[in-house]
Amino acid sequence: MDVEISKKNTMNNAFYLLQLTKSRVKNGLILYSIRNLISRIGLNISPYYWVLEGVSVNDAPTIKGNESEFSLVSFELDDVKHIASTHMRTRLSPDSLINGYKNGQLFIGLKHNENIAAFMSIELNKACLSRQEIKLKKNEAYLLNMHTYEPYRGKNLAPYLRFKSYELLKERNIDKIYSITEYFNKSSYKFKKKLNAKILRLYLSITIFKKYHRTFKIKDYSNS
């Protein structure tokens with residue numbers, strides 16, 4: 001029985017990887033996928049932007065389709081456990097998501113009927129930037145783990161949810177909202193560009209076999 005379960009899990013993982021690769025190619029994430037494949041052999045080369053969000057959004061994003069079918073929700077622990085249990089499309093482990101919630105991260109998302117269509121998490125205590133922990137001030141937040149489930153792609157959910165997170169944080173008197181954008185993740189770059197996010201710096205992070213790590217600042221845009 002255990003052998004059968006193991007084979008089933010292997011087939012499910014292979015199917016997921018195939019679907020994920022197809023999705024990334026479709027969305028122009030070929031270099032992003034290649035980088036992830038190389039990281040599997042122990043060499044992780046990650047150029048990324050440090051970004052300031054929520055500065056000024058001229059036009060609030062709208063959902064493509066019937067917006068009334070979607071509801072904005074704050075997730076509780078059971079919801080986060082459900083998100084963690086799905087074959088998710090984040091490099092964080094299920095335990096990391098659950099521990100993040102227990103340690104004070106906010107999880108918000110959009111539901112379509114009772115199905116989770118998109119979600120994101122918000123860190124209020126510290127940001128981890130290339131293994132360096134940065135303590136956040138009371139007026140600062142760090143956005144992470146934005147994900148839209150495959151059936152709901154193409155409906156502009158990511159910009160819409162991101163904008164709603166700005167509103168939520170500003171109600172808490174948080175006006176400095178940061179995130180990172182991986183250089184090769186063009187989808188993430190595009191949706192943040194729609195929201196007038198400001199690139200502050202470009203970094204290059206190199207990790208070898210999860211032991212040797214260096215981060216270099218490539219360019220500073222904050223004064224431009």
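In every chain, residue numbers begin from 1 and rise along the written sequence. In keeping with the model being predicted, local features are shown solely for residues with a pLDDT of at least 70 and side-chain atom pairs are shown and tallied solely at 80 or more, while totals for entire chains, interfaces and linings include all residues. Excluded from the side-chain calculations are hydrogens and water; all other atoms, namely the structure's heavy atoms, are used.

**Notes on the sheet that holds strand S8 (residues 176–182)**
- Strand pairing is assigned whenever DSSP detects at least two bridges linking the two strands. For the purposes of this entry, the term helix denotes a DSSP run of H or I that reaches at least four residues, the term strand denotes a run of E that reaches at least two, and both are numbered from the N terminus. Read across the open sheet, the eight strands follow the order S2-S3-S4-S7-S8-S1-S9-S10; overall the sheet is mixed. This sheet does not close on itself; its edge strands, each paired only once, are strand S2 (70–74) and strand S10 (212–220). Neighbour to neighbour, the strand axes of the sheet diverge by 25° on average, direction disregarded.
- Of the strand pairs in this sheet, strand S7 (residues 140–148) and S8 are connected by three bridges, and their pairing is parallel. Counterpart to Tyr142 in the pairing with S8 is Tyr178.
- A contact between two residues is defined here by any heavy atoms of the two lying within 4.5 Å. Note on definitions: angles span 0 to 180 degrees between N-to-C directions of axes, and those axes are lines fitted to C-alpha atoms, for helices only across the stretch in contact. Against the sheet, helix H6 (residues 186–194) makes contact with strand S1 (43–53), S7, S8 and strand S9 (198–208), and its axis sits at roughly 150° relative to S8, the strand it touches most.

**Describing helix H5 (residues 157–171)**
- Compared with the 21 Å implied by 1.5 Å per residue over 15 residues, the 21 Å span of H5 between its first and last C-alpha is a close match.
- Between buried and exposed lies partly exposed: a residue is buried under 20% and exposed over 50% of the maximum accessible area for its type, with that area taken using a 1.4 Å probe on protein chains only. The complete set of buried residues in H5 reads Leu157, Ala158, Pro159, Tyr160, Leu161, Arg162, Phe163, Ser165, Tyr166 and Leu169.
- Asn173 sits one or two positions beyond H5 and adopts a positive phi of about 65°. Multiplying 1.5 Å by the helix residue count minus one yields the expected span of that helix.

**Quick look at the side chain of His112**
- Relative to the helices and strands, His112 is located in strand S3 (residues 106–112).
- Residue class for His112 comes out buried when judged on its relative accessible area of 16%.
- We define a polar contact as two N or O atoms separated by no more than 3.5 Å, with the added condition that, inside protein, one atom must be a possible hydrogen donor and the other a possible acceptor, whereas residues neighbouring each other in sequence contribute only through side-chain atom pairs. For His112, the side chain forms a polar contact with the side chain of Glu69, separated by 3.0 Å.
- Look past the residues within four positions of His112 in its chain and what remains in contact with it is Glu69, Phe70, Ala117 and Tyr152.

**Side note on the packing of aromatic side chains**
- For Phe, Tyr and Trp, where Trp contributes only its six-membered ring, two rings pair if their centres lie within 6.5 Å, and the inter-plane angle classes them as stacked under 30 degrees, edge-to-face over 60, or tilted in between. Enumeration according to the criterion identifies ten aromatic pairs in this entry.
- Taken together, a centroid distance of 6.2 Å and an interplanar angle of 55° make the contact between Tyr101 and Phe107 tilted.
- The class for Tyr101 is partly exposed, based on a relative accessible area of 21%.
- Looking at Phe107, the relative accessible area reads 2%, which means it is buried.
- Joined through ring pairs, the aromatic side chains of Tyr49, Tyr183, Phe184, Tyr189 and Tyr221 make up one cluster.
- When the ring centre of Tyr183 is taken as reference, the NZ or CZ atom of Lys186 above it lies at 4.7 Å. Any Lys NZ or Arg CZ that is within 6 Å of a ring centre and within 35 degrees of that ring's normal is treated as a charge sitting over the ring.

**Points about a nonpolar patch on the surface**
- The residues that make up patches have over 30% relative accessible area and no salt bridge, and they are joined within 9 Å when like-charged or within 5 Å when they are Val, Leu, Ile, Met, Phe, Trp or Tyr. The Shrake-Rupley method, run with a 1.4 Å probe, gives the accessible areas here. Residue values count only the displayed protein chains as cover. Here, a salt bridge means any side-chain nitrogen of Lys or Arg that lies within 4 Å of a carboxyl oxygen of Asp or Glu. On the surface, Leu43, Ile45, Ile208, Phe209 and Tyr212 cluster together to form a nonpolar patch covering roughly 490 Å² of accessible area.
- By relative accessible area, which is 35% here, Ile208 ends up partly exposed.

**A word on the pattern of salt bridges**
- Inspection of the entire model under this criterion finds seven salt bridges.
- Three or more residues joined by partner-sharing salt bridges are found here, namely Glu53, Arg162 and Lys192.

**Here's the deal with unusual backbone geometry**
- In this structure, Asn113 is a non-glycine residue whose phi angle is positive, near 60°.
- Along the chain, Asn113 falls in the loop between S3 and strand S4 (115–123).
- Positioned with a positive phi, Asn196 is a non-glycine residue whose angle comes to about 60°.
- As for its placement among the helices and strands, Asn196 is situated in the loop between H6 and S9.

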